[in-house]
Amino acid sequence: MRLTELKEKEEAVVKNLTDKSNTFLKRVEAMGLKKGERLKVEKILGRNIVVSLEGRKIALDKALAEKIEVEK
């Protein structure tokens, strides 16, 4: 399932990054998102999804979140 399919307060583990471009991979790596990382959807705000991981909160736009596959 895609990260965009999760609801607020749901947790999941990152299983795959569907965009293999160098730009995308560097961007998500800088945010701390990688395969095997556990995250929690904190809020859904219009076109943004706020997730917490490793004690930090980050905001992702839905276009980026659509490229992240997760498993509950």
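Residues numbered from 1 in each chain as written. Predicted model: local features only at pLDDT ≥ 70, side-chain atom pairs only at ≥ 80, totals over all residues. Heavy atoms only, no water.

Trainee: Just give me the short version of the confidence of the model for the protein, but keep the residues and values in it.
Mentor: Summing up the model confidence of the protein, the mean pLDDT is 95 and the portion of residues at 70 or higher is 100%. By mean pLDDT, the top-scoring element of the protein is strand β5 (residues 68-71) (98), and the lowest-scoring one is helix α1 (residues 22-31) (93). (pLDDT = per-residue confidence, 0-100. Helix = DSSP H or I, 4+ residues; strand = E, 2+ residues; numbered from the N terminus.)

Trainee: Help me get a handle on the pattern of salt bridges, residues and values and all.
Mentor: A full pass over the atoms with the stated rule returns 10 salt bridges. Here Arg-2 ties to Glu-66 by a salt bridge, and the two come within 3.8 Å at their closest N and O atoms. Of this pair, Arg-2 sits in the segment before β1 (11-17) while Glu-66 sits in the loop between α2 (62-65) and β5; the two residues are 64 residues apart in sequence, bridging distant segments of the chain. Exposure remark for Arg-2: the relative accessible area of 26% places this residue in the partly exposed category. Its relative accessible area of 38% is what places Glu-66 among the partly exposed residues. Put simply, Glu-69 and Arg-2 hold a salt bridge, and the shortest N to O gap is 3.7 Å. Residue Glu-69 is located in strand β5, and its partner Arg-2 is located in the segment before β1; the two are separated by 67 residues in the primary sequence. Overlapping salt bridges bring together Lys-34, Glu-37, Glu-54 and Arg-56 as one network. (Salt bridge = Lys/Arg side-chain N within 4 Å of Asp/Glu carboxyl O. Buried < 20%, exposed > 50% of the residue type's maximum accessible area, 1.4 Å probe, protein only.)

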